[in-house]
Amino acid sequence: MKKSVILIVLFFYSLSYSQDLEAFNRVYSKTYLETAQTDFKTAMKVADSLYKISETPLLKTRSLMLTASLLKQSGDVKKSIEYALKSGEIIGETDDYSWQAKVYGFLATQYRLLKLHDQSRKYLEKAFEISGNIENPKSANNIKGLMLQEKAYN
C-alpha cells in the first residue's frame, strides 16, 4: 500500500515538469476504472494530486470532476456537487463548450437526486444551451440526448 502511494507520488512529480496529456489520461482512467473500485482513499489522493499538477483549466476541470464522480459513487452527493461547482467555475471561463455541458449535466443530475428540482432545471437548461455551441455535431447531439433524458427524469 505505502509503496503504491510512493510510486504514484513520484509519477506525479515527474508529470509536473511536463504536462503529459497521455500520462494524465492513463492515470485518470486507471483511477476511475480500477483504483476507485478497490481503494477509495487512494483514488481520492490520486485525484487530488492530478488537480495539483494540472496546468490548464481543462485538466483542472477533469481532475475536479474525477473527485466529484468518486464522491458521488461513495454516496456523498452534496460534496460531489461542491467539486462540480468549482469545476464549473474553472471551465466556464474557457470556450470548451463540451466540458461545460458535461459539468452542467452532472450538476443537473446531482441536484435532481437531492430533489432540488429548480437547481436541477437551471443546470439542465445551461447544459442544453451550451451544447448548441459545440462544433462537433455528434458530440453536441449526444449531450443534447443526455439532457433530454435528464429532463424526462425530472
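Treat the numbers as computed from the prediction; the structure is a model and nothing was measured.

## Describing the overall build of the protein
Here is step 1: When you go through the protein residue by residue, the secondary structure sums to eight helices and zero strands.
Here is step 2: In sequence order, the secondary structure elements of the protein are arranged as α-α-α-α-α-α-α-α.
Here is step 3: Considering only residue pairs separated by 6 or more positions, the protein has 57% of its internal contacts joining residues 24 or more positions apart.

## Section: the packing of helix 2 (residues 21–38) against helix 3 (residues 40–53)
Here is step 1: Two elements in contact, helix 2 and helix 3, have axes separated by 8 Å at closest approach and are oriented at 160 degrees. By the angle between their directions, the pair helix 2 and helix 3 is classed as roughly antiparallel. With respect to the hand of their crossing, helix 2 and helix 3 are arranged in left-handed fashion. The residues of helix 3 that touch helix 2, namely those facing Phe24, Val27, Tyr28, Thr31, Thr35, Ala36 and Thr38, are Phe40, Thr42, Ala43, Val46 and Leu50.

## Some points on helix 4 (residues 57–74)
Here is step 1: For helix 4, spanning 18 residues, the distance from its first C-alpha to its last is 26 Å, which sits close to the expected 26 Å at 1.5 Å a residue.
Here is step 2: Of all the residues in helix 4, the buried ones are Leu59, Thr61, Arg62, Ser63, Leu64, Met65, Leu66, Thr67, Ala68, Ser69, Leu70 and Leu71.
Here is step 3: Buried positions along helix 4 lie against helix 2, helix 3, helix 5 (77–91) and helix 6 (97–113).
Here is step 4: Looking one or two residues beyond helix 4, the residue adopting positive phi is Gly75, at roughly 100 degrees.

## So, the environment of Asp96
Here is step 1: With respect to the helices and strands, Asp96 occurs in the loop between helix 5 and helix 6.
Here is step 2: When the C-alpha atoms of Asp96 and Ile134 are compared, they prove to be 8.2 Å apart, with 38 residues separating the residues in sequence.
Here is step 3: Not counting residues up to four positions away in its chain, the partners in contact with Asp96 are Leu58 and Ile91.

## Here we look at the nonpolar core
Here is step 1: By size, the foremost hydrophobic cluster in this structure holds 22 residues, and its most contacted members are Met65, Ala84, Val103, Tyr104, Leu107 and Tyr123.
Here is step 2: Of all elements in the fold, only helix 4, helix 5, helix 6, helix 7 (117–131) and helix 8 (137–153) reach the threshold of two or more residues within this core.
Here is step 3: No other element matches the eight residues that helix 6 contributes to this core.
Here is step 4: In contact with Leu107, not counting residues within four places along its chain, are Ile81, Ala84, Leu85 and Tyr123.
Here is step 5: Ala43, Ala47, Leu50 and Leu66 belong to the second-largest nonpolar core, a separate cluster that totals 11 residues.

## What about helix 7?
Here is step 1: Between its first and last C-alpha atoms helix 7 spans 21 Å; for 15 residues at 1.5 Å apiece the expected length is 21 Å, and the two agree.
Here is step 2: Listed in full, the buried residues belonging to helix 7 are Ser120, Tyr123, Leu124, Ala127, Ile130 and Ser131. Buried residues of helix 7, seen end-on, are gathered within an arc of 135 degrees and therefore sit on one face of the element. Pointing more than 90 degrees away from the buried face of helix 7 are the exposed residues Asp118, Glu125 and Glu129.
Here is step 3: On the buried face of helix 7, the contacting elements are helix 5, helix 6 and helix 8.

## Thoughts on the packing of aromatic side chains
Here is step 1: Within this structure, the stated rule accounts for three aromatic pairs.
Here is step 2: Pairing Phe24 with Tyr28 gives two aromatic rings, centres 6.3 Å apart and planes at 25 degrees, and the pair type is stacked. Highlighted residues: Phe24 and Tyr28, both in helix 2, separated by four residues, approximately one helical turn.
Here is step 3: On the basis of an interplanar angle of 15 degrees and a centroid distance of 5.7 Å, the ring pair of Tyr111 and Tyr123 is categorised as stacked.

## Regarding the confidence of the model for the protein
Atom-level detail of predicted coordinates should not be read off regions where pLDDT is low.
Here is step 1: Chain-level pLDDT for the protein is 89 on average; 88% of the residues reach the 70-or-more range.
Here is step 2: When the elements of the protein are averaged for pLDDT, helix 1 (residues 2–17) gives the smallest value, 52, and helix 5 the largest, 97.

About the criteria used
Residues numbered from 1 in each chain as written. Predicted model: local features only at pLDDT ≥ 70, side-chain atom pairs only at ≥ 80, totals over all residues. Heavy atoms only, no water. Helix = DSSP H or I, 4+ residues; strand = E, 2+ residues; numbered from the N terminus. Contact = heavy atoms within 4.5 Å. Axes fitted to C-alpha atoms, helices over the stretch in contact; angles between N-to-C directions. Parallel < 35°, antiparallel > 145°, perpendicular 65-115°, else oblique. Left-handed = near helix turned anticlockwise from the far one by under 90°. Expected span 1.5 Å × (residues − 1). Buried < 20%, exposed > 50% of the residue type's maximum accessible area, 1.4 Å probe, protein only. Core = buried A, V, L, I, M, F, W, Y, C linked by side-chain atoms within 4.5 Å. Arc of directions from axis to C-beta. Phe/Tyr/Trp six-rings, centres within 6.5 Å; stacked < 30°, edge-to-face > 60°. pLDDT = per-residue confidence, 0-100.

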